[in-house]
Amino acid sequence: MPALPAGALMVASVEMYLDERASRRIRVLWDQLEELGVQSLRTPHDGRHRPHVTLAVARQLDPEAVAAALAGTRVAEPLRVNFQYAGVFVGRVVFLGPAPTPQLVAHQARVHGLLSAAGMASLPLYEPGEWVPHSTVSMRVPRPLLSDALRRCLESLPIEATVTRAAVADYARGIFREIP
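Residues numbered from 1 in each chain as written. Predicted model: local features only at pLDDT ≥ 70, side-chain atom pairs only at ≥ 80, totals over all residues. Heavy atoms only, no water.

Caption draft 1: Region of the structure containing the overall build of the protein chain. Scanning the protein chain for helices and strands turns up four helices and seven strands. Traced from its N-terminal end to its C-terminal end, the protein chain shows the element sequence β-α-β-α-β-β-α-β-α-β-β. Structurally, the protein chain occupies a C-alpha span of about 45 × 40 × 30 Å along its principal axes. Going through the 180 residues of the protein chain one by one, you find that 44% of them count as buried. Within the protein chain, counting contacts between residues at least 6 apart in sequence, those at least 24 apart form 79% of the total. Accessible surface computed for the protein chain: about 8900 Å², of which carbon and sulfur atoms make up 56%. (Helix = DSSP H or I, 4+ residues; strand = E, 2+ residues; numbered from the N terminus. Buried < 20%, exposed > 50% of the residue type's maximum accessible area, 1.4 Å probe, protein only. Contact = heavy atoms within 4.5 Å. Areas by Shrake-Rupley, 256 points an atom, 1.4 Å probe, with all protein chains shown as cover.)

Caption draft 2: The arrangement of the confidence of the model for the protein chain in detail. For the protein chain, per-residue confidence averages 90 on the pLDDT scale, and 92% of positions sit at 70 or higher. Every residue in residues 1-8 scores below 50 in pLDDT, and together they form eight contacts with partners more than four places removed in sequence or on other chains. (pLDDT = per-residue confidence, 0-100.)

Caption draft 3: Structural view of the pairing of strand β7 (residues 175-179). As defined by bridge partners, strand β6 (residues 159-170) adjoins β7 across five bridges and the pair is classed as antiparallel. Across the sheet, A169 pairs through a bridge with F176, a residue of β7. Counting the residues that bridge the hairpin from β6 to β7 gives four residues, and of these G174 lies at a positive phi of roughly 75 degrees. (Pairing = 2+ DSSP bridges.)

Caption draft 4: Highlighting empty space enclosed by the protein. Considering all chains together, one arrives at one cavity of 30 Å³ or more under this definition. Here the largest cavity is characterised by a volume of approximately 30 Å³. If you go around the largest cavity, the residues you meet are A56, V57, A58, L61, L115, M120, A121 and S122. Looking at the lining of the largest cavity element by element, the count peaks at three residues for strand β2 (residues 52-58). Broken down by class, the residue content of the lining of the largest cavity amounts to seven nonpolar, one polar and no charged. (1 Å grid on protein atoms, 1.4 Å probe; cavity = no way out; pocket = protein on both sides within 12 Å on 5 of 7 lines; lining within 4 Å. Points joined across faces, edges and corners; volume = space filled by probe spheres on them. Nonpolar A, V, L, I, M, F, W, Y, C, P; charged D, E, K, R; others polar.)

Caption draft 5: Representation of the nonpolar core. V14, V66, V75, F83, L96, L115 and V137 are the most contacted members of the largest nonpolar core, which has 45 residues in total. Apart from the residues lying within four places of it in its own chain, the contact partners of V75 are V14, M16, L55, L70, H107, V111, V163, A166, I179 and P180. (Core = buried A, V, L, I, M, F, W, Y, C linked by side-chain atoms within 4.5 Å.)

Caption draft 6: Focus on unusual backbone geometry. The linkage connecting L157 with the following residue, P158, adopts the cis geometry, with an omega of 0 degrees. Topologically, P158 is positioned in the loop between α4 (146-155) and β6. In this model, R92 sits at a positive phi of 65 degrees, which is unusual for a non-glycine residue. Of note, R92 is situated in the loop between β3 (80-89) and β4 (93-98). Although it is not a glycine, R140 adopts a positive phi angle of roughly 55 degrees.

Caption draft 7: Summary view of the packing of aromatic side chains. One pass over the structure, following the stated rule, counts three aromatic pairs. Aromatic side chains Y85 and F95 sit 6.3 Å apart centroid to centroid with 85 degrees between the ring planes, which places their arrangement in the edge-to-face category. Within this pair, whereas Y85 is found in strand β3, its partner F95 is found in strand β4, the two being separated by ten residues in sequence. For Y85, a relative accessible area of 31% puts it in the partly exposed group. The class for F95 is buried, based on a relative accessible area of 5%. Members of the aromatic cluster, each reached through a chain of ring pairs, are Y85, F89 and F95. (Phe/Tyr/Trp six-rings, centres within 6.5 Å; stacked < 30°, edge-to-face > 60°.)

Caption draft 8: Inspection of α4 at higher detail. Along α4, the residues that are buried comprise L146, A149 and C153. Down the axis of α4, the sector holding all buried residues measures 65 degrees, keeping them to one side. Seen from the buried face of α4, the exposed residues on the opposite side, beyond 90 degrees, are L154 and E155. Tucked into the core, α4 has its buried residues touching α1 (20-36), β3, β4 and β5 (135-138). (Arc of directions from axis to C-beta.)

Spelled out as structure tokens, the structure:
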């Protein structure tokens, strides 16, 4: 496992990946943000990020333990997601937001519940009732570029997508394991 840089926030996540058409549209947005001078998710971790919606985040996740906890559940359930808005989290994290349909919210709560039952605690913002469904497009956007980045995101909407795959990912540690 590669060493982490000093002070790096160690996080692992359970991510749902989008169909190729939607992924391509989000990657085009990433390129447009880069052209503005805003680092998108295309850049960090040697370009390994994929457009996704995160269901759970923890300081560390053992991919085998996650797979065991979620056995019998389709994390990559073919959910339809419709990105309808853009937003900013604290820290100038810009994201695309899918409509929080009852199916999407229930799916996240089910995955979270199974992980919790197996002793894997998610970060508080990913608790059911606190979770905001999103697909991050950029982190720590420079203040002078924030309104331009948001405008570019809004111009890319709406984006309709279908979940096609899922994985446990820990980019800092070089961990990536697909799960059903």
